[in-house]
Amino acid sequence: MAVGDLAARSDLDADRVTAMLECTAEEITVLEAERVAHALGKPVTWLLADPQAVCL
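Residues numbered from 1 in each chain as written. Predicted model: local features only at pLDDT ≥ 70, side-chain atom pairs only at ≥ 80, totals over all residues. Heavy atoms only, no water.

Draft legend 1. Region of interest: the overall build of the protein chain. Along the protein chain, the regular secondary structure elements total four helices and zero strands. Taken over C-alpha atoms, the radius of gyration comes to 10 Å for the protein chain, in line with the 10 Å a tight globule of 56 residues would show. Structurally, the protein chain occupies a C-alpha span of about 25 × 20 × 20 Å along its principal axes. Residues counted as buried form 29% of the 56 residues belonging to the protein chain. (Helix = DSSP H or I, 4+ residues; strand = E, 2+ residues; numbered from the N terminus. Rg over C-alpha atoms; globule rule 2.2 N^0.38 Å. Buried < 20%, exposed > 50% of the residue type's maximum accessible area, 1.4 Å probe, protein only.)

Draft legend 2. Broad picture of the side chain of S10. Here S10 lies in helix α1 (residues 3-10). On the basis of relative accessibility, which here comes to 2%, the residue S10 falls in the buried class. Of the polar contacts made by the side chain of S10, one reaches the backbone oxygen of L6; its length is 2.7 Å. With sequence-adjacent residues up to four places away left out, S10 is seen in contact with V17, R35, V36 and A39. (Polar contact = N/O pair within 3.5 Å; in protein donor to acceptor, adjacent residues only side chain to side chain. Contact = heavy atoms within 4.5 Å.)

Draft legend 3. View of the nonpolar core. With 14 residues, the main nonpolar core has L6, V17, V36 and L47 as its most contacted residues. Elements supplying a minimum of two residues to this core: α1, α2 (14-21) and α3 (30-40). In this structure, V36 is in contact with L6, S10, L12, M20, L47 and V54, ignoring residues within four places of it in sequence. (Core = buried A, V, L, I, M, F, W, Y, C linked by side-chain atoms within 4.5 Å.)

Read these as layout, nothing more, since geometry by itself doesn't imply function.
Pasting the structure below:
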């Protein structure tokens, strides 16, 4: 899924999604994790257990 698509599906800013995917985001909030996990069709526990799992 492209960054723009993921940003749109998660209702987050594309720059923020890029930072999360590149693992340059200093901190990921629970709300952001919920939105990204949902957009990817994964349970939020998947992302919270391993924030690096979403990294490219």
